[in-house]
Each structure stands twice: as C-alpha cells, then as structure tokens.
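# Tertiary structure, described
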Amino acid sequence: MTQLLEAVFGGLSIGSVLLLSALGLAIVFGLMGVINMAHGELMMLGAYTTFVTQNILKATPLAPAYIFLALIAAFLVTALVGLLLERTVVRFLYGRPLETLLATWGVSLILQQFVRSVSWQFVTGLGIFCLLYFGAQSLLAWKTDFDRVRNWFIGIMLPLSAIIALVVSNVLGNAYKLAFTKPWFGTQGVDVTAPQWLRGGLVIDTYQLPYTRLFIIVLTILCLIAVYWFLNQTAWGLRIRAVTQNRAMSACLGIPTQKVDAITFALGSGLAGIAGCAVALLGSVSSNTGQAYIVDTFMVVVVGGVGKLVGSIVAAGTIGTLSYVIGSNALSPLIGFNEQIKAVLEFFATASMAKVVVFALIIVFLQFRPAGLFPQKGRTVDA
Amino acid sequence: MTRGIRRRDFIVFGSVAAGSILLKACGGETTTTTEGSPSPAAGGETIKVGILHSLSGTMAISEKSVVDSTMMAIKEINDAGGVLGKQIEAIQEDGASDWPTFNEKAKKLIQQDKVVAVFGCWTSASRKAVLPTFEAEDHMLWYPVQYEGQECSKNIFYTGAAPNQQIEPSVTWLMEQYPGKPFFLVGSDYVFPRTANTIIKAQLAAKGGKVVGEDYIPLGGTEVTPIISKIKAAMPDGGIIYNSLNGDSNVAFFKQLQGAGMGPDKYPSMSVSIAEEEVQAIGVEYLKGHFAAWNYFQTVDTPANKVFVANFKKMYGEDRVVNDPMEAGYIAVNIWKQAVEKAGTADDLNKVRMAALGQTFDAPEGNVTMENNHHLSKWVRIGKVRDDGLFEIVYSTDGPVAPLPWNQFVPETKGFACDWSDPAKGGKFKMS
C-alpha cells in the first residue's frame with residue numbers, strides 16, 4: 001500500500017514540476033508558434049526574484065510567508081521581462097520560427113551572463129549609457145527630422161555615451177571599490193531556503209511526503225485553474241483563443257492581435273517565473289538553473305501536442321510517472337518474478353538510464369503520433 | 001555615392017568602437033591582466049604564466065574562486081619583489097566549461113603567449129582534454145583539484161588530493177565511526193564519481209564493508225526523487241550516503257533528502273565535492289551535521305592559514321570564504337616559484353620540473369611537499385558542517401600523507417607507482 005502511494009506521489013511530484021515549467025511555454029508556443037529558448041532563463045529570473053524577496057523579508061514578521069509574496073513578485077518581474085522581450089525582439093520575427101529560436105537562444109545566453117556579472121557598477125554604466133543615448137535620441141526626434149541625422153547620430157552618440165558611461169562607472173568603481181563593483185549574485189549559486197513550515201513532510205507509515213513537493217502540486221493545480229479560467233472566462237482569454245484558432249480572421253474582426261501576442265507572451269513568461277520560484281525550493285538557484293529544465297519542458301510540450309492544455313497535463317503526468325517508475329526500480333517487485341527480467345530492470349533503474357529510456361520512448365512515440373498526444377484539429381494549425 | 005559610403009563607414013566605426021568599449025567594460029574577465037607590476041622595464045622584464053579556468057559556463061561557479069586565490073598568490077609574490085627579480089605577468093584564458101576550448105586555449109597560451117607555466121583546469125574532463133597538448137609541447141600544467149587518480153603525467157603537477165589522500169581515509173573513518181552500517185554511493189554521471197566509486201567498492205570489499213546501492217545523476221540534473229526512494233528502500237534503518245555529486249545536483253539532493261525526513265542522524269553523508277563555497281550555495285539549513293572530506297578547511301588552525309584567510313578577505317570581501325581547491329591553487333603558484341628560484345631559471349622547463357621535486361611549502365593546511373610522482377604530500381581532514389556554514393574538523397591526520405596516484409585497491413593498478421626523478425621508472429612502473 002505504501003509502495004503504491006509512494007509511486008503515485010513520486011510520479012505526481014515529478015510531473016507537476018514538469019507541468020509547471022512547461023505551462024508558460026505551451027501557451028506561448030500554442031498561440032504564436034514561437035519557440036522561446038529563453039523560457040528556462042525566465043524561470044531562473046523567477047528563482048532569483050525569490051532569493052531577493054527572501055532576503056528582503058528575512059528580518060520582518062512576514063518572513064514565514066515570504067514564499068507567497070515571492071510568487072507574486074516572480075510573476076510580475078518575469079512577466080515584465082517577457083513583455084520587454086516580446087516588444088524588443090520577438091515581435092520583429094513573427095512567422096520566422098528559426099530566427100526566433102536563434103534570437104531567443106541568444107537572449108538566454110545574455111540573461112545568464114547578466115545575472116553572473118550584474119553589479120552596481122554594471123547597472124550604473126548601463127543606466128548612464130541608456131539615459132544619454134536614448135535620451136538624446138528622443139530629444140532629437142522631438143526637435144528635428146530625425147531620419148536625416150540618424151547616421152550621424154549613431155556614429156557620434158553611440159561611442160560618446162559608451163565612453164561617458166564607462167568612465168563614470170569606472171570612476172565610481174575606483175571610489176567605492178568592492179561595495180560598488182562586487183556582483184550582486186556572482187557566479188556562485190545562491191541559497192533559497194524553504195520557510196520553516198515547508199520543511200519536513202507528512203509522515204504516512206514509513207514514508208514521508210515532503211511538504212515542498214505537496215506545495216508544488218497544489219501550486220500547479222492552482223495555476224492550471226487560473227489559466228483555464230483566464231482563457232475561458234475573460235475577454236482577453238477569449239481573444240487569445242480566437243487568435244490561436246485563426247489569426248487573420250481575428251484581425252479582420254477587430255481583435256488587436258499585436259496586443260494579444262504581447263499579453264500572451266507576458267502571461268507565459270509570468271508562469272515561467274512562478275515555476276522558477278517553485279523549483280528554487282527543490283533545487284539550486286544559479287545562472288544555469290534554467291538549463292536543467294528546458295529540455296524536459298520542451299519534451300512535455302512536444303509530446304502533449306501544441307496548443308492544448310490537456311495535452312501538456314497528460315504528457316507531464318506520463319513522463320513524470322515513467323521517470324519515477326523506471327528510475328526507482330518500482331517495477332521490480334511487481335514483474336520481477338524472473339531473475340533475468342529483474343536483472344534487466346535493475347540495469348535500467350538508475351537516474352541516468354531512466355532519462356535515456358524515457359527519451360527513447362518519446363522518440364518511438366513521436367514516430368506514431370508526430371503531432372503529439374492531442375494534435376489541434378482544423379485547418380489553421382499549419383500557421 | 002561617396003557620401004553614402006563614408007557615412008556608412010562612420011556608423012560601422014562608431015558601433016564597433018562603442019561595442020568594443022562596452023564589451024571591455026562588461027567582460028574584463030577574458031583580458032590580460034598584470035597584477036601589481038610597477039611598469040615593467042622595457043624589453044619585457046616579466047615572467048609570463050597562464051591561468052586557464054572556466055570563467056563562463058557551468059563550471060565558472062567553482063573555477064572563478066580558484067582564479068581569485070591564484071591571482072592572490074601571484075600578487076603576493078609580485079609585491080614581495082617577484083621571482084628572480086622579475087614580476088609575474090598572468091595571462092587569463094577562459095576555458096568556458098568546454099573541453100575542446102580548454103585545449104585550444106592551452107595551445108594558445110603555450111605557443112602564442114609563450115608562458116612558462118599554466119595554472120588551471122578543474123574537471124577531470126578538461127584535464128584529460130589538455131593533457132595531450134602539454135605532453136606534445138613538453139610543457140607544464142599545475143592542476144589544483146582533488147581527482148580520481150589513475151594518472152601520472154610528467155607534464156602535470158597535481159596539487160589537489162589523490163584518492164588515498166581523501167576518498168580512502170574518509171571511507172576508513174566512516175567504517176570506524178559507524179560500524180556495520182551499509183553504504184549507498186551517489187554521484188554525478190562522469191569520470192570522477194565513477195572512478196571514485198570503483199575505488200570505494202574495491203576498498204569496502206577488501207575491508208568487509210557493505211555497499212547496498214549505487215546511482216548516478218546526469219551532470220547538472222536536479223530530479224532526485226527516484227534516487228531518494230531507492231536509498232530509502234535499500235537502507236530502511238539508516239546508513240551512510242557516500243556522495244560524489246557535483247554542482248547543482250547537490251542542492252537538489254540535500255534539499256529533498258531533508259524533505260523526505262532523512263537527516264544526518266540516520267543517514268549521515270560524506271561528500272567529496274562540497275566545500276565552504278558550496279555550503280553557502282546549498283544552504284546551511286540543509287547541510288548541517290553532514291560530513292565532507294578534504295585536505296584543507298577554512299577553519300584549519302595554523303598560523304599560515306590565519307594569514308591566508310585574512311589576506312583573501314581583505315582582497316575580495318569579508319563575506320567570501322576559502323576552500324580546498326582555492327588553497328591548492330595558492331600552493332601551486334608558491335611551489336612553482338620556489339622551483340624556479342632553485343632552478344635559477346623560469347624558461348628551462350626541465351630544470352624547473354626537476355627543481356620542483358622535494359620542494360616543501362608551509363601551506364595553510366600545514367607543510368606540504370612535492371613528491372617525485374608530481375603529487376603533493378597533504379594532510380587529510382574530515383569536517384562536519386556547523387551552524388555558520390564552516391566546517392568543524394572532526395578528524396585530522398598528524399602529518400602529511402604521501403600520495404599514491406595509482407590505486408592500490410583496484411586490481412589493474414595494484415602494485416604500480418610513479419617516479420619522475422628517475423628516468424628509468426617514469427609514470428607507471430611495477431613496485432618490487
């Protein structure tokens with residue numbers, strides 16, 4: 001009995017983490033056909049936001065409940081970053097999936113290096129540069145016919161603002177030394193501790209269900225309900241669904257598709273932030289946090305089928321359960337009556353091998369159902 | 001027409017200038033740095049050495065701190081007047097956590113920059129990648145990290161622990177402290193943990209210990225639920241977890257171990273890749289009471305260590321900690337300096353290599369000696385994580401332990417040794 005419970009819970013807990021991290025990606029991919037390679041890094045930003053929130057609230061009475069505020073903060077921060085990403089990069093590349101893939105991959109590398117090297121010096125330098133360059137640009141654009149002087153402007157202002165920014169930040173760096181130049185987070189991972197009430201677990205017989213895992217399962221369910229409600233009950237949700245089904249027709253009917261894209265991207269990014277907050281409780285927070293999840297996340301989306309929430313749910317559950325059952329050798333007592341079968345099962349029952357087997361099964365599965373478990377029906381999918 | 005082209009050139013020039021300036025501002029890490037050299041005299045009165053570590057990518061987390069301590073050693077030597085009256089100039093290259101890149105950069109340092117020694121590498125994979133280059137060029141690498149042994153190159157000086165200076169004594173200690181308890185071996189899936197676990201299994205088999213399970217997580221993997229279930233199933237009444245996980249996997253492992261209610265009282269763990277820096281990243285809450293085996297801990301009580309820790313904090317900030325590989329990186333520079341001074345030259349690598357043998361240095365961990373097999377005699381210690389994230393030293397040898405690169409428990413290497421002082425013996429010879 002406990003063994004069955006253990007297996008169900010193990011599969012469920014792996015699956016819920018997968019689903020949580022894949023949810024945002026599935027929505028963005030489903031609506032816009034954009035493969036966002038920076039999704040993992042948005043998760044990482046969510047995890048760092050959790051870390052910052054934890055540190056801010058450490059000495060206050062809110063400390064035990066910091067995780068709830070961190071969830072909200074992580075959602076807002078990553079949604080904003082996602083919005084920025086959509087407005088500055090992704091929207092210029094709609095309809096060009098390969099370019100989007102490369103561009104977002106570049107963004108993911110930039111974000112990784114950003115959290116490693118961001119310091120007061122870095123921020124001041126960047127701030128001064130942006131202030132000078134874009135400030136002058138908007139000033140000029142307001143006063144004169146900007147297009148005429150654009151080339152001269154770029155030629156002069158770009159190096160000039162870069163030099164000023166560099167000099168000022170270096171002077172400040174020399175004046176205040178380490179306090180100013182020390183990276184905020186650095187290359188070293190940082191530590192997010194679960195609040196006291198989330199440590200330990202629920203004891204059932206000889207088995208203990210970790211509270212953090214239970215928390216993530218509940219969080220995943222809440223997120224699913226919220227997303228479902230948003231897509232089905234709100235005006236913007238309706239518009240998102242309309243654009244997903246037929247972009248051209250929706251535009252004809254007066255739906256602001258660009259705005260819909262931006263909102264969807266922000267929503268997807270915000271969900272990545274929540275996932276980041278959750279995985280910070282389980283694992284590490286460092287600049288490569290996102291990379292650990294991105295492959296599995298794509299697997300869930302691909303296996304589930306594009307644009308269907310229920311597909312992602314089933315796929316995450318299946319992959320999670322398979323990984324658990326194979327990796328923990330849970331099958332052995334059930335069908336290991338024969339010594340040889342038992343030996344084979346044991347050979348595959350390591351974490352590394354479980355991953356191999358799951359990938360192999362996914363590849364085989366995609367041979368038969370290339371569009372995933374729940375392919376979208378209709379004439380508009382090949383957009 | 002001409003105007004158009006000129007204008008475009010101007011933009012290109014402007015953007016390139018701005019870009020390169022910004023790049024320099026943000027990425028000061030990959031550039032050449034000369035530490036504390038008071039304007040070297042004309043003609044290049046410096047001795048060039050290379051520092052080859054990952055400053056970006058997965059391994060940057062660990063390797064950057066070794067760069068810090070290595071640079072500190074160079075700065076200290078320069079401030080005290082340099083080597084042979086010359087300042088040391090350090091050329092830093094970024095291996096980017098990518099083994100082919102390590103090899104390229106090693107070639108660049110040797111052939112183009114003409115350095116006289118290279119300090120660097122962390123993972124065994126990166127060391128194995130650069131080894132052919134160092135052997136082909138007959139050059140010199142100083143490698144600062146504990147490793148799995150089973151290697152002994154004339155061109156590498158190993159200043160971290162060999163297995164018999166870390167893994168073997170820690171297993172012996174565990175068997176004494178927890179008699180009769182079973183072992184479960186957990187590691188990342190690559191060469192170091194697999195070789196280490198082979199050694200542990202051979203040792204336990206020879207000494208009457210019991211291994212009830214072994215599992216590996218892909219490097220960087222964080223999904224540890226199945227492994228925790230397996231440990232629980234294999235050792236329901238508690239037992240010892242021998243842990244050679246690397247990097248991020250450790251964080252997930254210890255967080256979830258605690259979540260499953262498997263604390264150090266019933267499931268004590270011994271780690272060989274967790275040091276002061278990692279404790280900070282994982283969180284003291286999760287590691288309190290667990291063990292780690294190293295040659296050096298920040299809490300080692302020697303006069304040399306007090307100076308070392310104080311100087312490091314002064315240079316890099318009060319909240320920084322030092323760990324074993326950082327200390328080994330610091331030792332490497334100092335032993336190299338002594339060897340150069342004894343040889344009277346930095347350029348004749350054969351002379352420097354021979355002069356390095358037998359060099360003794362009063363290191364933070366205690367006195368260490370470079371042996372004829374290019375490994376250091378080092379002190380062995382076991383620490384228990386305490387509340388402030390540092391280690392309480394619960395075991396220490398009375399003196400340095402001689403290194404054995406070829407393992408004496410594994411049948412294939414039993415009875416072999418390494419000796420570079422005698423050309424007839426070399427890297428692997430059968431002891432009589």
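Heads up: the structure comes first, above all this text.
Attention in this report is confined to the structure presented alongside it. (Residues numbered from 1 in each chain as written. Chains lettered and ligands numbered in written order. Predicted model: local features only at pLDDT ≥ 70, side-chain atom pairs only at ≥ 80, totals over all residues. Heavy atoms only, no water.)

## Remarks on the overall build of chain A
Tallying secondary structure elements over chain A gives 16 helices and two strands in all. Counting only C-alpha atoms, chain A reaches 85 × 55 × 40 Å along its principal axes. Within chain A, contacts between residues separated by at least 24 positions form 74% of all contacts whose residues are at least 6 apart in sequence. Total accessible area on chain A is roughly 18400 Å²; 72% of this is exposed by carbon and sulfur atoms. The averaged location of the 13 negative side-chain charges in chain A is 10 Å from the averaged location of its 22 positive side-chain charges. (Helix = DSSP H or I, 4+ residues; strand = E, 2+ residues; numbered from the N terminus. Contact = heavy atoms within 4.5 Å. Areas by Shrake-Rupley, 256 points an atom, 1.4 Å probe, with all protein chains shown as cover. Lys, Arg positive; Asp, Glu negative; His and termini not counted. Charge placed at Lys NZ, Arg CZ, Asp CG, Glu CD.)

## Quick look at the sheet that holds strand β10 (residues 291-294) of chain B
All names here are of chain B. Strand order across the open sheet formed by seven strands is β7-β6-β8-β9-β10-β14-β15, with mixed pairing between neighbours. The open sheet has two edge strands with one neighbour each: β7 (211-217) and β15 (391-396). Recorded for the sheet is a direction-independent mean angle of 25° between the axes of neighbouring strands. When strand β6 (residues 183-188) meets strand β8 (residues 240-244), the two strands line up parallel, connected through five bridges. Across the sheet, residue F183 finds its bridge partner in β8, namely I240. On the sheet, helix α7 (residues 225-234) packs against β6, β7 and β8 and is oriented at approximately 165° with respect to β6. (Pairing = 2+ DSSP bridges. Axes fitted to C-alpha atoms, helices over the stretch in contact; angles between N-to-C directions.)

## Some points on the pattern of salt bridges
All names here are of chain B. Applying the stated criterion to the full structure yields 26 salt bridges over all chains. Taking the shortest distance from any N to any O, the salt bridge between E365 and K378 comes out at 3.2 Å. Linking E365 in the loop between β11 (360-363) and β12 (366-370) with K378 in the loop between β13 (376-377) and β14 (381-385), this pair joins segments that are 13 residues apart in sequence. Grouping residues by exposure puts E365 and K378 together as buried. Measuring nitrogen to oxygen at the nearest pair gives 2.9 Å for the salt bridge that ties D388 to R386. When its relative accessible area of 32% is taken as the criterion, R386 is described as partly exposed. (Salt bridge = Lys/Arg side-chain N within 4 Å of Asp/Glu carboxyl O. Buried < 20%, exposed > 50% of the residue type's maximum accessible area, 1.4 Å probe, protein only.)

## Structural notes on the packing of aromatic side chains
Within the structure shown, the criterion is met by 25 aromatic pairs over all chains. With 4.4 Å between their ring centres and 15° between their planes, W142(B) and F157(B) make a pair best called stacked. Note that W142(B) is positioned in strand β4 (residues 141-143) and F157(B) in strand β5 (residues 156-158), a separation of 15 residues in sequence. With respect to class, W142(B) is no different from F157(B); both count as buried. Taken together, Y48(A), F51(A), W120(A), W184(A) and F185(A) form an aromatic cluster joined through their ring pairs. (Phe/Tyr/Trp six-rings, centres within 6.5 Å; stacked < 30°, edge-to-face > 60°.)

## Description of the environment of V301(A)
All names here are of chain A. With respect to the helices, strands and loops of the structure, V301 is situated in helix α12 (residues 291-304). Assessed through its relative accessible area of 2%, V301 is described here as buried. Residue contacts for V301: discarding those within four places in its chain leaves A22, L25, A26, F29 and V306.

## A closer look at the sheet that holds β5(B)
Residues and elements named next belong to chain B. Read from one edge of the open sheet, five strands run β2-β1-β3-β4-β5, paired in parallel fashion. Two strands in the sheet have a free side with no partner beyond their single neighbour: β2 (87-94) and β5. Going across the sheet, the axis of each strand differs from the next one's by a mean of 25°, ignoring polarity. With eight bridges connecting them, strand β1 (residues 46-53) and β2 associate as parallel partners. Considered in β2, the bridge of T46 is made with Q87. Where helix α3 (residues 99-112) meets the sheet, its contacts fall on β1, β2 and β3 (118-120), and the angle it forms with β1 comes to roughly 175°. The strands touched by helix α4 (residues 124-136) are β1, β3, β4 and β5; relative to β4, the strand with the most contacts, the crossing angle is about 165°.

## Considerations on the state of the cysteines
The tally for this structure, following the rule as stated, stands at one disulfide over all chains. Note on cysteine connectivity: C152(B) is disulfide-linked to C418(B), with sulfurs 1.9 Å apart. In this structure the cystine formed by C152(B) and C418(B) twists about its S-S bond by roughly -65°; its chirality is therefore left-handed. Here C152(B), found in the loop between β4 and β5, pairs with C418(B), found in strand β16 (residues 416-419); they are 266 residues apart in sequence, far enough to count as distant. Between C277(A), a cysteine without a disulfide, and C223(A), which holds the nearest cysteine sulfur, the sulfur-to-sulfur distance is 10 Å. (Disulfide = S-S within 2.5 Å.)

## A word on a nonpolar patch on the surface
There is a patch of nonpolar side chains on the surface, built from W152(A), I156(A), L160(A), I164(A) and V168(A) and spanning about 410 Å² of accessible area. Inspection of the secondary structure puts I164(A) in helix α6 (residues 146-176). (Patch = residues over 30% accessible without salt bridge, like charges linked within 9 Å, V, L, I, M, F, W, Y side chains within 5 Å.)

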